[in-house]
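# Examination of the molecular architecture
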Amino acid sequence: MAAKDRDRFSTATRLRLLGEQTAARVYRSQSRRQARRSRLTGRAAFLALVVCSLVVALAYPMRQYVSQRDEIAEQERKAQEARARTEELRDEKARLQDDAYIRQLARKHLHYVLPGETGYTVIDPDAVKEGNGETDESGRPWHSNLWDGVDSADRD
């Protein structure tokens, strides 16, 4: 037992224990550092860089592609409207070749009547008060007010 006590207090034993304790502390701190260390490796960083480069390189062409597709769709819509309008104008041209349609338009818009017919024009009473107003607020005809304005301008 004396030999064990002597070994326990010997310098070599103390140094060995101290080395083991220090090694354990270093190992624990390295394992903690490795746990805290980012998982981002050099390969992962390079892969992220390549992906970002591809996104940047393809962003402008994709934007151009989408805008051109929109423009093509808009032009196709305008072309369809133009075709529809052309068809309407062809129909109108064909109707204008018909004498009965021309007579109908003349009677409707120009108030033409055929010989032997009596034409009537119905006047809206509200329109007469607004449009033809022979008198204005002063109760005088419009032409009197006009000459009075000319006379007063001549005097000044």
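Quantities reported herein were computed from a predicted structural model and do not represent experimental measurements.

All right, on to the overall build of the protein then. When helices and strands are counted, the protein shows 6 helices and 0 strands. Moving toward the C terminus, one meets the helices and strands of the protein in the order α-α-α-α-α-α. Counting the 156 residues in the protein, one finds 2% classified as buried.

Quick look at unusual backbone geometry now. Leaving glycine out, the prevailing phi sign among residues is negative, and the prevailing peptide bond configuration is trans. Here the phi dihedral of H111 falls at roughly 60°; this positive angle occurs in a residue that is not glycine. Mapping H111 onto the fold places it in the loop between α4 (99–109) and α5 (125–132).

So, on to the confidence of the model for the protein. With 79% of its residues at a pLDDT of at least 70, the protein reaches an overall mean of 83. Taken element by element, the protein is modelled with least confidence in helix α1 (residues 2–8), mean pLDDT 56, and with most confidence in helix α3 (residues 42–96), mean pLDDT 94.

With that out of the way, let us pick up a nonpolar patch on the surface. Taken together, F46, L49, V50, L54, L58, M62, Y65 and V66 make up a surface patch of nonpolar side chains, about 810 Å² in accessible area. Topologically, F46 is positioned in helix α3.

Scanning the entire structure with this criterion turns up 7 salt bridges. Notably, a salt bridge pairs R77 with E74, separated by 2.3 Å at the nearest N-O pair. In this pair, R77 and E74 both sit in helix α3, 3 residues apart, roughly one turn of the helix. If you follow the salt bridges from partner to partner, you end up with E74, R77 and E81 in one network.

Looking now at α3. For α3, built from 55 residues, the straight-helix expectation of 81 Å at 1.5 Å per residue is met to within 8% by its first-to-last C-alpha distance of 81 Å. If you look at α3, its biggest bend is around 35°, right at A59, and the proline P61 turns up within four residues after that.

It is at 6 Å that the axes of α3 and α4 come closest, and there the two elements cross at 95°. The angle between the axes of α3 and α4 places the two elements in the roughly perpendicular class. Mapping the contact onto sequence places E92, R95 and L96 in α3 and Y101, I102 and L105 in α4. Counted by class, the contact of α3 with α4 contains 4 nonpolar, no polar and 2 charged residues.

Cut-off values and rules
Residues numbered from 1 in each chain as written. Predicted model: local features only at pLDDT ≥ 70, side-chain atom pairs only at ≥ 80, totals over all residues. Heavy atoms only, no water. Helix = DSSP H or I, 4+ residues; strand = E, 2+ residues; numbered from the N terminus. Buried < 20%, exposed > 50% of the residue type's maximum accessible area, 1.4 Å probe, protein only. pLDDT = per-residue confidence, 0-100. Patch = residues over 30% accessible without salt bridge, like charges linked within 9 Å, V, L, I, M, F, W, Y side chains within 5 Å. Areas by Shrake-Rupley, 256 points an atom, 1.4 Å probe, with all protein chains shown as cover. Salt bridge = Lys/Arg side-chain N within 4 Å of Asp/Glu carboxyl O. Expected span 1.5 Å × (residues − 1). Bend = angle between axes of the 7 residues up to and from the residue. Axes fitted to C-alpha atoms, helices over the stretch in contact; angles between N-to-C directions. Parallel < 35°, antiparallel > 145°, perpendicular 65-115°, else oblique. Contact = heavy atoms within 4.5 Å. Nonpolar A, V, L, I, M, F, W, Y, C, P; charged D, E, K, R; others polar.

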